[in-house]
Amino acid sequence: MRSSAAFTVILTIIAVVASGAAGLVSADQVERTGSVNSPGPDWTEAYHKNGLVIFTKDITEGRRVIAVSEVEVPPEAVFNVLVDFEHYREFMPYVKESEVLSRTGDNEVVTYARIAPPFISERDYPLKVRLTRRVAAGDDTRKDGTFKVEWTALPQAKPEVEGVVRIKLNEGSWLAEPLDGGRHTRLTYTLLTDPGGLIPDFVFNLSNTVAIPELFDAVRKRSAEAVSGRK
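In this numbering scheme, every chain counts its residues from 1 along its sequence in written order. Reporting in this predicted model follows two pLDDT cut-offs: at least 70 for local features of residues, and 80 or more for side-chain atom pairs to be given and counted; totals over whole chains, interfaces and linings ignore these cut-offs and use all residues. Where side-chain values are given, they derive from all heavy atoms of the structure, hydrogens and water being excluded.

- Looking up the protein in an unreviewed UniProt entry gives the name Polyketide cyclase / dehydrase and lipid transport, with the organism given as Nitrosospira multiformis.
- UniProt positions are given in the numbering used here, feature names are shortened, and annotations may be inferred rather than shown by experiment. The annotation that UniProt attaches to the protein under Sequence similarities (unreviewed entry) is "Belongs to the ribosome association toxin RatA family."

Structure, rendered in structure tokens:
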């Protein structure tokens, strides 16, 4: 059994330290061929398939994750999906409940999510989320802009639920950068977490090969539906 951030699948569904401290992959590290340079010597390439690359690094607090892929829709469309917190249960894996607790202007949100992942007990986590929109100069449509979602745990924002494990370490980000003149998106996900409780070894092995790819697929599908007008 493992009590580290083994089941990163749990927290990848909240859509997310994005600074150099987290080892964020910078834009120039991702080539158009789909290859991604390692964030550093202590990182392990845990997954590389279908254009998605995942790096992991175990530390004392838990586990850091960096995942990079290309999404074939503009960055703003991806961003709009990532900040649609109230509807996560409609398209994000394992989400049982998701809501916005408060908003401060256009750039700060407090959210809450409760999930029911397979094999383990339910988890929940209130988060303080910061939203950043950087519009390219001279571009009113934002198609060439960069969008970022960053979060940290805010456990005190909502009372704990009996029988549900409260996640108290949860820091991460989504970074949506333009490719091909803004027609496509380079999407980078980072996470530092410990999901709490004891996690079976076989669940540990599912996180990188199943959970994060499922997360990216969910965001990709929802973004494409939004662009085509189906959502």
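### Some words on the packing of aromatic side chains
Any aromatic ring pair is given by two values, namely how distant the centres are and how the planes are angled relative to each other.
Inference 1: Centres within 6.5 Å are what make two rings of Phe, Tyr or Trp a pair, Trp counting through its six-membered ring; a difference in plane orientation under 30 degrees is then read as stacked, over 60 as edge-to-face, and the rest as tilted. Scanning the model with the defined rule gives six aromatic pairs in all.
Inference 2: Here the aromatic rings of Tyr-88 and Phe-91 are separated by 5.8 Å at their centres, their planes lie at 80°, and the arrangement is edge-to-face. With Tyr-88 and Phe-91 both in helix 3 (residues 88-91), this residue pair falls three residues apart, about one helical turn. The same class applies to Tyr-88 and to Phe-91, which are both buried.
Inference 3: With centroids separated by 6.3 Å and ring planes inclined at 40°, the aromatic side chains of Trp-151 and Tyr-189 adopt a geometry described as tilted. With a gap of 38 residues between them, Trp-151 in strand 7 (residues 146-153) and Tyr-189 in strand 10 (residues 184-194) connect regions that are remote in the sequence. Tyr-189 shares its class with Trp-151; the two are buried.
Inference 4: Ring-pair connections join several aromatic residues into one group, and the members of that group are Trp-151, Trp-174, Tyr-189 and Phe-216. Secondary structure is summarised from DSSP: a helix means a run of H or I of at least four residues, a strand means a run of E of at least two, and numbering begins at the N terminus for each. Relative accessibility thresholds used throughout: buried, under 20% of the residue-type maximum; exposed, over 50%; partly exposed, between the two (1.4 Å probe, protein chains only).

### Remarks on the pattern of salt bridges
Inference 1: One side-chain nitrogen of Lys or Arg within 4 Å of one carboxyl oxygen of Asp or Glu is enough to make a salt bridge. By the definition in use, this model includes 12 salt bridges.
Inference 2: The shortest N-O distance in the salt bridge between Glu-150 and Lys-148 comes to 3.9 Å.
Inference 3: Judged by relative accessible area, Glu-150 falls into the partly exposed class, the value being 25%.
Inference 4: The class for Lys-148 is buried, based on a relative accessible area of 15%.
Inference 5: Linked through salt bridges whose partners overlap, the residues forming this network are Lys-96, Arg-114 and Glu-122.

### Quick notes on the environment of Val-129
Inference 1: Positionally, Val-129 belongs in strand 6 (residues 123-134).
Inference 2: The exposure class of Val-129 is buried, given its relative accessible area of 2%.
Inference 3: Working rule for contacts: check all heavy atoms of both residues, and any pair within 4.5 Å makes them a contact. Discounting residues that sit within four places of it in the chain, Val-129 has contacts with Phe-85, Asn-107, Glu-108, Val-109, Thr-111, Val-149, Glu-150 and Trp-151.

### Let's talk about the pairing of strand 4 (residues 95-104)
Inference 1: Pairing geometry for strand 4 and strand 5 (residues 108-115), over eight bridges, is antiparallel. By the bridge assignment for strand 5, Val-100 is matched with Thr-111.
Inference 2: Taking the residues between adjacent antiparallel strands as the criterion, strand 4 and strand 5 are bridged by three residues, where Gly-105 takes a positive phi near 65°. Should DSSP find at least two bridges between two strands, the strands are taken to pair.

### Some words on the side chain of Thr-132
Inference 1: Relative to the helices and strands, Thr-132 is located in strand 6.
Inference 2: Residue class for Thr-132 comes out buried when judged on its relative accessible area of 19%.

### A short note on the pairing of strand 6
Inference 1: Judged from the eight bridges that link them, strand 5 and strand 6 form a sheet pairing that is antiparallel. Bridge pairing in strand 6 places Val-110 opposite Lys-128.
Inference 2: One ladder, built from two bridges, connects strand 6 with strand 8 (residues 165-166); its direction is parallel. By the bridge assignment, Asp-124 is partnered in strand 8 with Arg-166.
Inference 3: Relative to strand 7, strand 6 runs antiparallel, the two sharing eight bridges. Looking across to strand 7, one finds that Lys-128 is bridged to Thr-152.

### Structural notes on helix 2 (residues 75-82)
Owing to its 3.6 residues per turn, the α-helix brings residues three or four apart onto one side.
Inference 1: Across the eight residues of helix 2, six count as buried, placing the element largely inside the fold.
Inference 2: Regarding helix 2, the residues found buried are Pro-75, Ala-77, Val-78, Phe-79, Val-81 and Leu-82.

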